[in-house]
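Examining the three-dimensional arrangement
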Amino acid sequence: EEVILTAAEAAPFLHEKGKQANNAFDVAIAKKLSKKDLAELAEGKIVADIPFDPARRRNVVLCATGTSFKVIVRGAFAEVAAVSNSKLNDKTVVAWLEAEGKKGRRVIMVAAKKAKKNDADDLMKAENGVEAVGLISFVDPLKPTSAAAIAQAKALGVAVKIITGDGPEVAEAI
């Protein structure tokens, strides 16, 4: 599926030999890729990037395959939609986002556009005007030790609070 391949194309672990996926989203993406996909993706490279930033809630990469360049933006729906030309705020999409959140799933929006090599000079400018490729919903499971740690903290009289960058639906499901 195009959205999975585009999201993978922007994953640093696919472009650095011996590097493993280091976040829940890239781990989920890696599980969906075939050997053929991996071989095709290995032909590309990341020319420039703005790594994921909790304040921006997205990452941006300039990818090159041969002489073709592409800007890819991956991140929280609201943040990627804000730099996208795509109009995805219809009731159906919003309802789906809320339903996925209530199931405890995270949703990442992926958007892209053709680019030029010199877009590496100002990726913050280059990310504007991307077109939606799609949305990916995935489970970011709790660590197996989380429930026991929370129970132990409560038994000791420690108030437990959840701090998350996810939406309120995901936090409540957790």
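This text goes with the structure placed above it.
First, a word on what this report is: a plain description of the structure on this page. Treat the numbers as computed from the prediction; the structure is a model and nothing was measured.

Examining the pattern of salt bridges
For side chains bearing opposite charge, pairing can occur when the charged atoms are close. Using the criterion set out here, one finds nine salt bridges in the structure. A salt bridge links Arg56 to Glu127, with the shortest nitrogen-to-oxygen separation between them at 3.0 Å. Highlighted residues: Arg56 in the loop between strand S1 (45–53) and strand S2 (58–65) and Glu127 in the loop between helix H6 (123–126) and strand S5 (131–139), separated in sequence by 71 residues. No difference in accessibility class separates Arg56 from Glu127, as the two residues are buried. A salt bridge links Arg58 to Glu79; its shortest N-O distance comes to 3.9 Å. Residue Arg58 is located in strand S2, and its partner Glu79 is located in helix H4 (residues 77–83); the two are separated by 21 residues in the primary sequence. On the basis of relative accessibility, which here comes to 10%, the residue Arg58 falls in the buried class. Residue Glu79 is classed as partly exposed on the basis of its relative accessible area, which comes to 23%. A single network of salt bridges, built from pairs that share partners, joins Arg56, Arg57, Arg58, Glu79 and Glu127.

Describing the nonpolar core
Counting 21 residues, the largest nonpolar core has Val60, Leu62, Val71, Val73, Phe77, Leu123 and Val130 as its most contacted members. Every element with two or more residues in this core is listed here: S1, S2, strand S3 (68–76), H4, helix H5 (91–102), strand S4 (105–115) and H6. Residues within four places of Leu123 in sequence aside, it is in contact with Ala48, Asp49, Ile50, Val60 and Leu62. Residues Ala7, Ala11, Phe25 and Cys63 belong to the second largest nonpolar core, which totals 20 residues.

With respect to the pairing of S1
Two strands pair when backbone bridges link them, and S1 and S2 are joined in this way by six bridges, in the antiparallel orientation. In the strand pairing of S2, Lys45 is matched with Ala64. Hairpin geometry of S1 and S2 is characterised by an intervening segment of four residues between the two adjacent antiparallel strands and by a positive phi of about 55 degrees at Arg57.

Comments concerning the packing of aromatic side chains
For the structure on display, the rule yields one aromatic pair. Seen in terms of ring centroids, Phe25 and Phe138 are 5.3 Å apart; in terms of plane orientation they differ by 50 degrees. Their pairing is tilted. One end of the pair, Phe25, is in helix H2 (residues 24–32); the other, Phe138, is in strand S5, with 113 residues separating them in the sequence. Among the residues examined, Phe138 registers a relative accessible area of 5% and is labelled buried.

Cut-offs and rules
- Residues numbered from 1 in each chain as written.
- Predicted model: local features only at pLDDT ≥ 70, side-chain atom pairs only at ≥ 80, totals over all residues.
- Heavy atoms only, no water.
- Salt bridge = Lys/Arg side-chain N within 4 Å of Asp/Glu carboxyl O.
- Helix = DSSP H or I, 4+ residues; strand = E, 2+ residues; numbered from the N terminus.
- Buried < 20%, exposed > 50% of the residue type's maximum accessible area, 1.4 Å probe, protein only.
- Core = buried A, V, L, I, M, F, W, Y, C linked by side-chain atoms within 4.5 Å.
- Contact = heavy atoms within 4.5 Å.
- Pairing = 2+ DSSP bridges.
- Phe/Tyr/Trp six-rings, centres within 6.5 Å; stacked < 30°, edge-to-face > 60°.

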